[in-house]
Amino acid sequence: MGSQVCQICGDQVGLTVNGEPFVACDVCAFPVCRPCYEYERKDGNQSCPQCKTRYKRHKGSPAISGDGKDNGVNDDDASDLHYSDTQNEKQKVSERMLSWHMNYGRGEDIGAPKYDKEVSHNHIPSLTNGTDVSGELSAASPGRLSVSSLPPGGGEMDQSQFFVNDEARQPLSRKVSVPSSRINPYRMVIVLRLIIISIFLHYRLTNPVPNAYALWLISVICEIWFAISWILDQFPKWLPVNRETYLDRLSLRYDREGETSQLAAVDIFVSTVDPLKEPPLVTANTVLSILAVDYPVDKVSCYVSDDGAAMLTFEALSETSEFARIWVPFCKKYNIEPRAPEWYFCQKIDYLKDKVHPSFVKERRAMKREYEEFKIRINALVSKAQKVPEEGWVMQDGTPWPGNNTRDHPGMIQVFLGQSGGLDSEGNELPRLVYVSREKRPGFQHHKKAGAMNALVRVSAVLTNGPFLLNLDCDHYINNSKALREAMCFLMDPNLGKYVCYVQFPQRFDGIDRNDRYANRNTVFFDINLRGLDGIQGPVYVGTGCVFNRTALYGYEPPHKPKQKKSGFLSSCFGGSRKKSSKSSKKGSDKKKSKKHVDPTVPIFSLEDIEEGVEGAGFDDEKSLLMSQMSLEKRFGQSAVFVASTLMENGGVPQSATPETLLKEAIHVISCGYEDKTEWGSEIGWIYGSVTEDILTGFKMHARGWRSIYCMPARPAFKGSAPINLSDRLNQVLRWALGSVEILFSRHCPIWYGYGGRLKWLERFAYVNTTIYPITAIPLLFYCTLPAVCLLTGKFIIPQISNFASIWFISLFLSIFATGILEMRWSGVGIDEWWRNEQFWVIGGVSAHLFAVFQGLLKVLAGIDTNFTVTSKASDEDGDFAELYMFKWTTLLIPPTTLLIINLVGVVAGISYAINSGYQSWGPLFGKLFFAFWVIVHLYPFLKGLMGRQNRTPTIVVVWAILLASIFSLLWVRVDPFTTRVTGPDVELCGINC
């Protein structure tokens, strides 16, 4: 029982000081850890989740209403609390009284109960106006209590103060499993479906079709691949979880009113390339939402990467910084949401709801007018930038713009806010805003977006060095001003935070048509797949809306968790430790031994080892110190300032550093040759080698043993734009699929990379699925062609089946439907969203995925590279989703168009053949028609996209009109009454031409 897992939060139940397991419920012994037990007693239903028996009060637990004689203190746990023998008796009595009211775990000073989960009292310090903040919480902070805080004579503290500190000591987040009434039937159907698929494939393999052997063989190969693909996609969804965050507890612990905020600093990255495809107004709204975020201003720094070195972006950012001086105080004064002005002012809601300030309407009107003037200025800059002068762009001071040649220019950094003049209209400080354009020279490999992100990592480390990083695409604005606080509930959690590499938020989108014709919202992936991965080792990194632990980006491994005794298979699948230790007391030796088992193909750098090595060498030993410095510079690059920042786990910059020195060093770390002969892009930062650097970067972190968190607040944290045009959407999917193919053929392929590390098996399944899913395009193309071939040739891929065999076919279809229905039931995804996802899986599979496979093979075998295409972020200025109906020709449209035509022709030919052949031919025809209609129905959104806007005649009417007209025409030819007279010859003997 000592190794039991809490069924509420997933942590270890823990032991008492006597080495006995903590038992919350004396009736059924349902595994619940001490924090969850206390939470259930205080804020929950006060009863056991399994047997519903009211919890008894254990020693050290605060009394609650309803505790009586029958629910008194359990004397069996009287030895739960352990106190230091070095304190005098009077202090012991005082602290025992304090512990009685303050729950458990009050730190070493007052004696903490010896659970196997120790609560750290160190917060994460940050840079505040160039001053280092202490690494320990103050005595007045809720994170630490000392004996001196007791009233004279050892009396009790005020009850309200007890409550505040007790609330601050509660967990900052909670993992909530999906109710068993919803998830257990889902799991049963998955297992049942796996059995049915096995029997179905056995039948298909043992019953070939002699007269259509080639068609049968192709269909069986396709079905086997579909089964493998389904297993890789389905089983990582076995353990979905939900998460709750407690922002009030975060504030009580780290951001109490009247005290210096102890929240960690966050560096926010915004990346942009082409201001014509990514309009400056869109980027400006994203930046404004960042500057107005609900977070201490001295802890927020916004870095905008302009990888196109466009003067338009630079000038637009200058205008944005000026408008922020009036926009930010307006947002914080009236607590508006969202804090991107474009989306705030276009909301079709009652903006006066919950607003009580009498001046709000007046100030809102004035602010809207100011924003419209700001838009005019930005639009004027865009209009001016349409025609480039022959001599190039010139800045206001008359000097040429350094980025006139976008492929050959020096590095540029401009601090707009954060130094002198960084105040809003009310005299309050504003967050830092920094423009960055890395150096580019001919002959250097710049690695596109991944290289730009790594440049931002280094610049931010030199200038501010926040311990956490948030990266956003230029069109993804902060929709929930408390998004950073949501992430901090995980990253600053004393127990969980040290193991978390990043917190991923779901992507939500604006400007999508109501029916979401091309599945732009991708709800199935974000609301089902990623929630399933969160129950294993965490979601994959999806490229935006992600808060990183800077330490994880530097290639370090997480701390090793205490050894646990679990079954090997389950622990390796669901997150337990895979390495056993016979003596848990020898933590240091176990730690060193465990590192010997790490796969040599997964370079892991332990921050603790580096620091211990430097300290062990001794600063007096200059030779050893020099060797250590050289080793770090070989890994991180030739910058002593940056290397020093990597050793500061809690962030911050040296107090003695001047802004001029830091800016000079920042220019150095974004030079195009800085990464040469270093481990940037291979083991450190964003990983190179694929246009989908996000998947590769997250995979490397998980392979080192980190876990990630999926956070889904009630109000979406971030919102962005998505291409609603068919051709643009297919090109976007093509880029994603091409990146997956590149990973598949690289050394980082999850099929063979990282064994011996700490990647869980089901997590590996998910990563394998993200890399091989484009390959499914080949069998899918063949399978969608088979119905038309069968209808045109009169053959079929399945022999005549018996009644018993038909049961398995029916069971297979029922299990497919049941899986989808139960999946929608536990996830909350609507049937329309699920169906759109199924349709676009076929549309994208036979077009974009197919081209991605061939382009990937050309790149690997012939070295022919493809250009990275930036997805257009332009807004729908014409209204009414005009872009949705715009037809843009691309070669990606050829395969699905061909499939549509041949299947429609096949349907007409099959029905005409049945009409000519008589009644006995209709039975076999229904099976062929079913598969043909399956293809047509899945490709229906694609057909609507081809036909464009139909103002008067619905597309479905046009399609059915053509289909039925063809059928009735053939039928008329067959039964034309003018071909045979009543008195004529016998048609059965001489035929129609008699």
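The shown structure was predicted, so the numbers you read here are calculated from the model rather than taken from an experiment. (Residues numbered from 1 in each chain as written. Predicted model: local features only at pLDDT ≥ 70, side-chain atom pairs only at ≥ 80, totals over all residues. Heavy atoms only, no water.)

S.K.: Whenever I open this one, the packing of helix H13 (residues 523-534) against helix H25 (residues 803-827) confuses me. Can you help?
M.R.: Any two packed helices are characterised by the angle at which their axes cross and by the distance between the axes. Contact geometry of H13 with H25 gives a least axis separation of 10 Å together with a crossing angle of 80°. The pairing of H13 with H25 is recorded here as roughly perpendicular in orientation. The residues of H25 that touch H13, namely those facing Asp527, Ile528 and Arg531, are Glu823, Trp826 and Ser827. (Axes fitted to C-alpha atoms, helices over the stretch in contact; angles between N-to-C directions. Helix = DSSP H or I, 4+ residues; strand = E, 2+ residues; numbered from the N terminus. Parallel < 35°, antiparallel > 145°, perpendicular 65-115°, else oblique. Contact = heavy atoms within 4.5 Å.)

S.K.: Before we go on, may I ask you to explain the environment of Gln839 in this structure?
M.R.: Examined against the element boundaries, Gln839 turns out to sit in helix H26 (residues 831-845). Gln839 gets classed as buried once you look at its relative accessible area, which sits at 3%. The contacts of Gln839, once residues within four sequence positions are left out, are Val937, His938, Tyr940 and Pro941. (Buried < 20%, exposed > 50% of the residue type's maximum accessible area, 1.4 Å probe, protein only.)

S.K.: What is the right way to look at the sheet that holds strand S12 (residues 508-510) in this model?
M.R.: Paired through backbone hydrogen bonds, the strands of a sheet run either parallel or antiparallel to each other. Strand order across the open sheet formed by three strands is S10-S15-S12, with mixed pairing between neighbours. Strands at the two margins of the open sheet, each flanked by one partner only, are strand S10 (477-478) and S12. By the bridge criterion, two bridges tie S10 to strand S15 (residues 718-721) in an arrangement that is antiparallel. Looking at the pairing, Tyr477 lines up with Lys719 of S15. (Pairing = 2+ DSSP bridges.)

S.K.: Got a minute to help me understand the UniProt feature "active site" (unreviewed entry) in the protein chain in this structure?
M.R.: With numbering matched to this structure, UniProt assigns "active site" (unreviewed entry) to Asp307 and Asp694. On the secondary structure map, Asp307 appears in the loop between strand S6 (300-306) and helix H8 (311-334). Given a relative accessible area of 9%, Asp307 falls into the buried group. In contact with Asp307, not counting residues within four places along its chain, are Thr272, Val273, Arg438, Lys440, Lys448 and Ala452. At a separation of 2.7 Å, a polar atom in the side chain of Asp307 contacts the side chain of Arg438. Position of Asp694 relative to the elements: it lies in helix H21 (residues 693-704). (UniProt positions renumbered as here; feature names shortened; annotations may be inferred. Polar contact = N/O pair within 3.5 Å; in protein donor to acceptor, adjacent residues only side chain to side chain.)

S.K.: Could you clarify how one ought to interpret the sheet that holds strand S14 (residues 707-710) in this entry?
M.R.: Spatial ordering of the open sheet is given by S7-S8-S6-S5-S9-S13-S11-S14, a layout of eight strands whose pairing is mixed. The open sheet has two edge strands with one neighbour each: strand S7 (412-417) and S14. Averaged over all pairs of adjacent strands, the angle between strand axes in this sheet comes to 20°, irrespective of strand direction. When strand S5 (residues 266-272) meets S6, the two strands line up parallel, connected through seven bridges. Bridge pairing in S6 links Ile268 to Cys302. Against the sheet, helix H11 (residues 448-463) contacts S5, S6, S7, strand S8 (432-437) and strand S9 (468-473), and its axis sits at roughly 150° relative to S5. Contacting strand S11 (500-504), strand S13 (546-549) and S14, H21 runs over the sheet at an angle of about 140° to S11.

S.K.: It is not clear to me how the packing of aromatic side chains should be interpreted in this structure. Could you clarify?
M.R.: To describe a pair of aromatic rings, one takes the distance between the centres and the angle between the planes. Counted under the stated rule, the structure contains 46 aromatic pairs. With centroids separated by 6.2 Å and ring planes inclined at 15°, the aromatic side chains of Phe323 and Trp327 adopt a geometry described as stacked. Linking Phe323 with Trp327, this pair stays in helix H8, spanning four residues, or about one helical turn. By the burial criterion, Phe323 is buried, and Trp327 matches it. The ring of Trp761 has Arg764 sitting right over it, with the charged end atom 5.9 Å from the ring centre. (Phe/Tyr/Trp six-rings, centres within 6.5 Å; stacked < 30°, edge-to-face > 60°. Lys NZ or Arg CZ within 6 Å of the ring centre and 35° of its normal.)

S.K.: Would you mind going over helix H20 (residues 659-669) with me for this structure?
M.R.: Burial in H20 covers these residues: Leu662, Glu665, Ala666 and Val669. Down the axis of H20, the sector holding all buried residues measures 105°, keeping them to one side. Exposed positions of H20 whose direction lies more than 90 degrees from the buried face are Glu660 and Lys664. Turning to H20, the residues buried within the fold contact S7, H11 and helix H19 (640-646). (Arc of directions from axis to C-beta.)

S.K.: Just to check I follow, could you spell out the UniProt feature "transmembrane region" (unreviewed entry) in the protein chain for this structure?
M.R.: Under the UniProt annotation, "transmembrane region" (unreviewed entry) lies at residues 186-205, 212-232, 772-792, 804-822, 842-862, 892-915, 921-943 and 955-975. Secondary structure over residues 804-822 splits into 100% helix and 0% strand, and the C-alpha atoms at its two ends are 27 Å apart.

S.K.: Got a minute to help me understand the confidence of the model for the protein chain in this structure?
M.R.: Do not read the fine detail of predicted coordinates wherever pLDDT is low. Considering every residue of the protein chain, the mean pLDDT works out to 77; 74% of them sit at 70 or more. Across the protein chain, the element-wise mean pLDDT spans from 35 in helix H2 (residues 89-101) up to 95 in S11. Every residue in residues 74-157 is under pLDDT 50, and counting partners more than four places away or in other chains gives 179 contacts. Here residues 977-984 is a poorly scored stretch, pLDDT under 50, and it has three contacts once near neighbours within four places are set aside; other chains count. (pLDDT = per-residue confidence, 0-100.)

S.K.: I keep staring at the pattern of salt bridges and nothing clicks. Help me out?
M.R.: Note on pairing: side chains with opposite charge can pair once their charged atoms come close. Considering all chains together, one arrives at 30 salt bridges under this definition. When the shortest N-O distance is used, the salt bridge between Arg715 and Glu337 registers 3.9 Å. Linking Arg715 in the loop between S14 and S15 with Glu337 in the loop between H8 and helix H9 (341-345), this pair joins segments that are 378 residues apart in sequence. The class of Arg715 is partly exposed, set by a relative accessible area of 31%. Relative accessible area serves as the criterion here: at 21%, Glu337 is assigned to the partly exposed category. The salt bridge involving Arg521 is made with Asp516; its shortest N-O contact spans 3.9 Å. (Salt bridge = Lys/Arg side-chain N within 4 Å of Asp/Glu carboxyl O.)

S.K.: Sorry if this is basic, but what is going on with the environment of Cys48 here?
M.R.: Mapped onto the fold, Cys48 is located in the loop between helix H1 (34-42) and strand S1 (57-58). Taking the relative accessible area as the measure of exposure, Cys48 reaches 0% and is therefore buried. As for Cys48 and Ala29, which are separated by 19 residues in sequence, their C-alpha atoms are 9.0 Å apart. Every residue in contact with Cys48, bar those within four places of it in the chain, is listed here: Cys25, Cys28, Phe30, Thr53 and Tyr55.

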